[in-house]
Amino acid sequence: MKKSDIRAKIYFLKKRRALRGHRSVSGEIVRYFLYCVFLCFFFVISIHIVTSKSRYGRLGGAVLESEGYRRQRMDSAMLDHIRKAENPGMDLGLYWLENHFGQEAFSYPCTDETFLKLKSIWAEKQGWDLYCNACEAVWNDLKYFPVPEPSNEVRAEVTFEDSWMFERNYGGKRGHEGTDIMASVNKRGLYPIVSMTDGVILHKGWLEKGGYRIGITAPGGGYFYYAHLDSYADVEEGDTVKAGDLLGFMGDTGYSEIEGTTGNFPVHLHVGIYLVTDESEISVNPYYPLRYLEDRRIECAY
């Protein structure tokens, strides 16, 4: 064999090895790229699953006892929306689940299509019925603000603020589980108090912290509590009342074991709202329900 043929064959072998090496490196790059794509896809899916589980975990058994739910927080747009809603309790229930009780951004009110889609998703989750019923028990029976508007020339304004869990010290340090409606005229027995809902009077009488109080169970199961009354209207435990019926008059009773004690604080009405279950009694913030009702005041002569 000629030297030139031998050199040509050697060159050809080297060239083929080089091409094989090139193809081998290229194959490794492709395989590495596909591996990275797979890892990214797996990571995204995992994050989605974890996020979904966390999101739907908001309907866990303790959701009604959570501070987020009990505070009942909402923005002004949502407050305006539920004033026109047919079922404010359900609308608020979806709103709180989607924004994690005020911890996340969520644009609501939303379109009817989006609302129905959200409702269908959450309605399939365990705990939805209990949660939705609780929201409706607080919101769907509300009809009138508890302090009427004067129909005569009397000046008797009221104010209230979100005092949820403000510190109280009588009987030991505790959080304020209600909203105080303060009287601009510090005169006991002047302001009439009416029922915010239909219902049945479950409790009437003296409590050390609440003074003269009335507790009403509304049709949806919510318990509405009116405390520090000066006196009662002609109502008794077991009576059925309609929203707007007179319950009594604003006062300053309470903070004493001695029935009839007055003067330990200014004249005001303490409003409390509770959910009573077989296992517990859960207080929720009345501030937003009162905001919801502040333009729904019946007229009454003072």
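Quick summary incoming for the structure in this document. (Residues numbered from 1 in each chain as written. Predicted model: local features only at pLDDT ≥ 70, side-chain atom pairs only at ≥ 80, totals over all residues. Heavy atoms only, no water.)

1. Brief notes about the side chain of Thr253
Quick reminder of the rule: Only runs of H or I of at least four residues qualify as helices and only runs of E of at least two qualify as strands under DSSP, and these elements are numbered from the N terminus. Burial classification: accessible surface area is computed with a 1.4 Å probe over protein chains only, and a residue below 20% of its type maximum counts as buried, one above 50% as exposed, and the rest as partly exposed. N or O atoms closer than or at 3.5 Å make up a polar contact, with two conditions inside protein: a donor-capable atom paired with an acceptor-capable one, and, for residues adjacent in sequence, both atoms drawn from side chains. In this analysis, two residues are considered to be in contact whenever any of their non-hydrogen atoms come within 4.5 Å of each other.
Within the element layout of this structure, Thr253 appears in the loop between strand 11 (246-250) and strand 12 (268-276). For Thr253, a relative accessible area of 1% puts it in the buried group. Polar side-chain contacts of Thr253 include one of 2.8 Å to the backbone oxygen of Leu229. Not counting chain neighbours up to four residues away, the residues in contact with Thr253 comprise Trp206, Gly210, Gly211, Tyr212, His228, Leu229, Asp230, Thr261, Thr262 and Phe265.

2. Quick notes on the pairing of strand 5 (residues 179-183)
Threshold: Strands qualify as paired when DSSP identifies two bridges or more between them.
Within strand 5, four of the five residues are buried, which leaves the element mostly enclosed by the surrounding structure. Where strand 2 (residues 158-160) lies against strand 5, three bridges are found, and the strand directions are antiparallel. Bridging from a neighbouring strand, Val158 pairs with Ala183 of strand 5. In the sheet, strand 5 pairs with strand 12 via four bridges, with the strands oriented antiparallel. In the sheet register, Asp180 faces strand 12, and the bridge partner there is His270.

3. What about unusual backbone geometry?
We note that Gln72 has phi near 60°; this positive angle belongs to a residue other than glycine. Examined against the element boundaries, Gln72 turns out to sit in the loop between helix 2 (67-71) and helix 3 (76-82). The class for Gln72 is buried, based on a relative accessible area of 0%. Of note in the backbone geometry, His228 takes a positive phi value of approximately 70° without being a glycine. Checked against the element boundaries, His228 lands in strand 9 (residues 222-232). With relative accessibility at 6%, the residue His228 sits in the buried group.

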